Structure formats: C-alpha cells, structure tokens
Amino acid sequence: VVNVLRELYVAEERLNLLPIQRDSSLKIFEIWRSKVFEKAGYSDSTFKKSFEFYMDRPDEMELIYTALVDTLQLQEQRVQGR
C-alpha cells in the first residue's frame, strides 16, 4: 500500500509542475493512476477496499502514512544528493 501511495503522490506532484489546465491534468492523472495500479498488481476496486479497510483502523493508517512520509523523505534526499 505504501508504494502505491508513494507512486500516486509522485505522479500528482509531477502533474502539478506541468503547465496544463486542471481538466487535462485530471485526465492524465487517471491514466498514470491506472498504470500505477497495474504495475503494483492492484485493481482500482481492490485498492479502494484496502484503503477503506485501513481508514476504519486509524492506528494502522497512521503507520502507513508514517512509512509513506519516511519513504518520500528518503526519495527526496536521494534526489538532492545527486
């Protein structure tokens, strides 16, 4: 779940940097989102069910988001270190 969230976050941030209209960026994001799920072996509905499962368990969701933030920080450090 953490890797999928990371990929989605990075895709969204990349789109925010593109000089395109919001409706166009939403269309592009849907394509990228599908590719992220496909790469991870998730369907949209499976990911949604998993996300809903963890939303009902806030302590576990907090651990997921803590891991996500740590992963994103490490990724940023690697990029800055280049």
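For the structure, see preceding data.
A. Structural detail: the packing of helix α1 (residues 2-17) against helix α4 (residues 58-80). Running from N to C, α1 and α4 point in directions that differ by 55°, and their axes come no closer than 9 Å. Accordingly, the angle class assigned to the pair α1 and α4 is oblique. For the pair α1 and α4, the crossing hand works out as right-handed. Across from V2, L5, R6, Y9 and V10 in α1, the residues of α4 making contact are I64, Y65, A67, L68, T71, L72 and Q75. The class makeup of the residues in the contact of α1 with α4 is nine nonpolar, two polar and one charged.

B. Spatial organisation of the pattern of salt bridges. Scanning all chains against the criterion turns up three salt bridges. For E7, the salt bridge identified is with R6, shortest N-O distance 3.1 Å. With relative accessibility at 25%, the residue E7 sits in the partly exposed group. For R6, a relative accessible area of 18% translates into the label buried.

C. Main features of the side chain of R6. Within the secondary structure layout, R6 lies in helix α1. When residues no more than four places from it in sequence are discounted, the contact partners of R6 are L68, T71, L72 and Q75.

D. Region of the structure containing the environment of L26. Mapped onto the elements of the fold, L26 is located in helix α2 (residues 22-40). Judged by relative accessible area, L26 falls into the partly exposed class, the value being 41%. Separated by 36 residues in sequence, L26 and E62 have C-alpha atoms that sit 27 Å apart.

What counts and how
Residues numbered from 1 in each chain as written. Predicted model: local features only at pLDDT ≥ 70, side-chain atom pairs only at ≥ 80, totals over all residues. Heavy atoms only, no water. Axes fitted to C-alpha atoms, helices over the stretch in contact; angles between N-to-C directions. Helix = DSSP H or I, 4+ residues; strand = E, 2+ residues; numbered from the N terminus. Parallel < 35°, antiparallel > 145°, perpendicular 65-115°, else oblique. Left-handed = near helix turned anticlockwise from the far one by under 90°. Contact = heavy atoms within 4.5 Å. Nonpolar A, V, L, I, M, F, W, Y, C, P; charged D, E, K, R; others polar. Salt bridge = Lys/Arg side-chain N within 4 Å of Asp/Glu carboxyl O. Buried < 20%, exposed > 50% of the residue type's maximum accessible area, 1.4 Å probe, protein only.

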